[in-house]
Amino acid sequence: VRKPRVVVLGAGYGGLITVTRLQKQIGVDEAEITLVNKNDYHYETTWLHEASAGTLHHDRARYQIKDIIDNNRVKFVKDTVVSIDKEAKKVVLENGEVEYDYLVISLGAHPETFGIQGLKEFAFGITSIDSARQLREHIEYQFATYNMEAEKKDERLTIVVGGAGFTGIEFLGELGNRVPELCKEYDIDFKKVRIICVEAAPTALPGFDPELVDYAVNHLQKKGVEFRIGTAIKECIEGGIIVAKDDQMETIKAETVVWAAGVRGNSVVEEAGFENMRGRVKVDGYLRAPGHEDVFIIGDCALIINEEINRPYPPTAQIAMQQGEVCAKNLAVAIRERGEMATFTPDIKGSVASLGENDAVGVVFGKKLVGTKASFMKKVIDNRALLMVGGPSLVLKKGKFNLL
Ligand code: FAD
């Protein structure tokens, strides 16, 4: 008899945990495991704000997938998923096809632009190593060009960040460190630089404790960030944005606009015809797509409701990794056709938003933390993710040891 074929799409947090756990839990004779990922490397999505600002080299935020998986057990295919045909049970890739008996979709998120015109064309995102490299270079180019022009364009030194959520705030924190360095390097007066954060919601960091929000906003303001809270981006245009507050429209000239205000599930999920909300599928307790017992969906492509408040959990690496563990267990049960599947319940240990070097805010095990303590915890969390995926050797290679 043919071995069941397990195909895992995406080698992010969810996908890599699934594969590294499954390769240990089942024997070579029990199943064929294939992992498909766009690049031959994994990147730490949660570190991309640093690579994008240029405070951490992008190579520090990625590692080779083949160094992490058991290559005797798992076949790695470097390719891009184009579509999923769930009836024919196959995945179409840019350069071929793979058939599956069990599928895991862990393709992460795409930016949610809420239909705001011009964002796709003119704004940068914080989404991948490619986007991070481009954004870092773009910002540096603006600073490098400023003094070269006879007629100085101050908009080259204006950076607008759309969104004061987790990603926006963490990116602003890095800019707070990076921009003074750029000013020094390119002989630019810091007073000429504007860093503007535009947020439509009535507060920065929605969902965070108000005391922590105040701390974060004050800290960033001290580093020169202007906040426009309760202000919506109406349109992104070449060389700027149009914002509105209480019917007052304003155009802000800026050569750099970064959209960090929301994510949706990977478009492949939507296009495959799964019932979804913004590209995220409300999976069953075992992490399977409703009506498709052979398809598991995890990470940012999955929607899990927090019953206490009857709202979806925000998509996080923390949840993606926990789902990877449960997904691997459940795949083993499905492959063997015996045992009982585990149900997934998120175990939220907390969350910490960094504010640049040596500062952060967050809640860990129910305790509020700010400053160096929070920053220390952030690095511990970052190192723990490495440990979970690749063990101590990966921590030694890629870990953050400048703990204080
Ligand atoms: P990912 O880890 O993003 O992986 C998806 C993988 O799929 C990638 O390797 C990608 O290359 C691949 N892929 C995508 N499309 C295709 C395709 N078509 N074909 C082939 N491969 C493809 N969460 C936290 O818990 N804590 C934090 O502090 C935190 N900070 C964050 C900071 C930033 C700047 C950002 C952007 C996010 C942060 N998050 C944080 C959220 C977290 O990064 C995501 O929730 C998490 O990465 C989701 O994991 P995933 O496995 O679903 O997807």
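Residues numbered from 1 in each chain as written. Predicted model: local features only at pLDDT ≥ 70, side-chain atom pairs only at ≥ 80, totals over all residues. Heavy atoms only, no water.

Participant: Describe the overall build of the chain, and please don't skip the residues or the numbers.
Facilitator: For the chain, the helix and strand inventory stands at nine helices and 28 strands. Whereas a compact globule of 404 residues would reach a radius of gyration of roughly 22 Å, the chain reaches 22 Å, a difference of no more than 12%. Along the first, second and third principal axes, the C-alpha atoms of the chain reach 75 × 45 × 40 Å. Relative to its 404 residues, the chain shows a buried fraction of 54%. Contacts in the chain between residues at least 24 apart in sequence constitute 66% of all its contacts with a sequence separation of at least 6. Of the roughly 18900 Å² that the chain leaves accessible, carbon and sulfur atoms contribute 49%. Within the chain, the 58 negative side-chain charges are centred at a point lying 4 Å from the centre of the 51 positive side-chain charges. (Helix = DSSP H or I, 4+ residues; strand = E, 2+ residues; numbered from the N terminus. Rg over C-alpha atoms; globule rule 2.2 N^0.38 Å. Buried < 20%, exposed > 50% of the residue type's maximum accessible area, 1.4 Å probe, protein only. Contact = heavy atoms within 4.5 Å. Areas by Shrake-Rupley, 256 points an atom, 1.4 Å probe, with all protein chains shown as cover. Lys, Arg positive; Asp, Glu negative; His and termini not counted. Charge placed at Lys NZ, Arg CZ, Asp CG, Glu CD.)

Participant: I'd like a rundown of the nonpolar core, residues and numbers included.
Facilitator: By size, the foremost hydrophobic cluster in this structure holds 112 residues, and its most contacted members are Leu9, Ile105, Leu172, Leu175 and Ile297. Summarising the domain contributions, this core has at least three residues from each of domain 1 (5–38 + 79–111 + 263–348) and domain 2 (119–259). Those residues in contact with Leu172 that sit more than four places away from it in its chain are Val161, Ile195, Cys197, Leu220, Val225 and Phe227. One finds Ile116, Val160, Val198 and Val243 within the second-largest nonpolar core, a separate group that totals 14 residues. (Core = buried A, V, L, I, M, F, W, Y, C linked by side-chain atoms within 4.5 Å. Domains from an automatic or database assignment.)

Participant: Describe the environment of Leu212, and please don't skip the residues or the numbers.
Facilitator: On the secondary structure map, Leu212 appears in helix H6 (residues 210–222). Between the alpha carbons of Leu212 and Val363 there is a distance of 9.0 Å; along the sequence they are 151 residues apart. Excluding residues that lie within four positions of it along the chain, Leu212 makes contacts with Val361, Gly362, Val363, Lys368, Leu369 and Val370.

Participant: Go over the sheet that holds strand S7 (residues 90–93) with me, naming the residues and quoting the values.
Facilitator: The strand order across the open sheet built from three strands is S6-S7-S8, with neighbouring strands paired in antiparallel fashion. Strands at the two margins of the open sheet, each flanked by one partner only, are strand S6 (81–85) and strand S8 (96–99). The sheet shows a mean angle of 20° between the axes of neighbouring strands, direction not considered. (Pairing = 2+ DSSP bridges. Axes fitted to C-alpha atoms, helices over the stretch in contact; angles between N-to-C directions.)

Participant: Quick one: what's the story with helix H9 (residues 371–398), residue by residue and with numbers?
Facilitator: Over its 28 residues, H9 runs only 23 Å from end to end, short of the ideal 40 Å by more than 12%, given 1.5 Å per residue. The largest bend in H9 is about 135°, located at Gly390, with the proline Pro392 one to four residues further on. (Expected span 1.5 Å × (residues − 1). Bend = angle between axes of the 7 residues up to and from the residue.)

Participant: Hey, could you go over the layout of surface pockets for me, with residue numbers and the actual values?
Facilitator: Roughly 400 Å³ of internal volume is contained in the second largest pocket. Looking at the second largest pocket, it is lined by 22 residues, and the ones nearest its centre are Glu50, Glu174, Glu357, Lys379 and Asn402. Elements with a contribution of two residues or more to the lining of the second largest pocket: helix H2 (48–53), helix H5 (166–185) and H9. A total of four residues in the lining of the second largest pocket trace back to one element, the largest contributor, which is H9. Its residues assigned to classes, the lining of the second largest pocket comprises three nonpolar, nine polar and 10 charged. (1 Å grid on protein atoms, 1.4 Å probe; cavity = no way out; pocket = protein on both sides within 12 Å on 5 of 7 lines; lining within 4 Å. Points joined across faces, edges and corners; volume = space filled by probe spheres on them. Nonpolar A, V, L, I, M, F, W, Y, C, P; charged D, E, K, R; others polar.)

Participant: Tell me about the sheet that holds strand S9 (residues 102–105), and please be specific about residues and values.
Facilitator: Ordered in space as S5-S2-S1-S9-S22-S21, the six strands form an open sheet in which the pairing is mixed. Two strands bound the open sheet, and with one partner strand each, they are strand S5 (74–78) and strand S21 (288–289). Strand direction decides the pairing type here: strand S1 (residues 5–9) and strand S2 (residues 32–37), joined by five bridges, are parallel. Bridging across to S2, Val7 finds its partner in Thr34. Those strands touched by helix H8 (residues 317–336) are S1, S9 and strand S22 (292–297), and its axis lies near 170° from that of S9.

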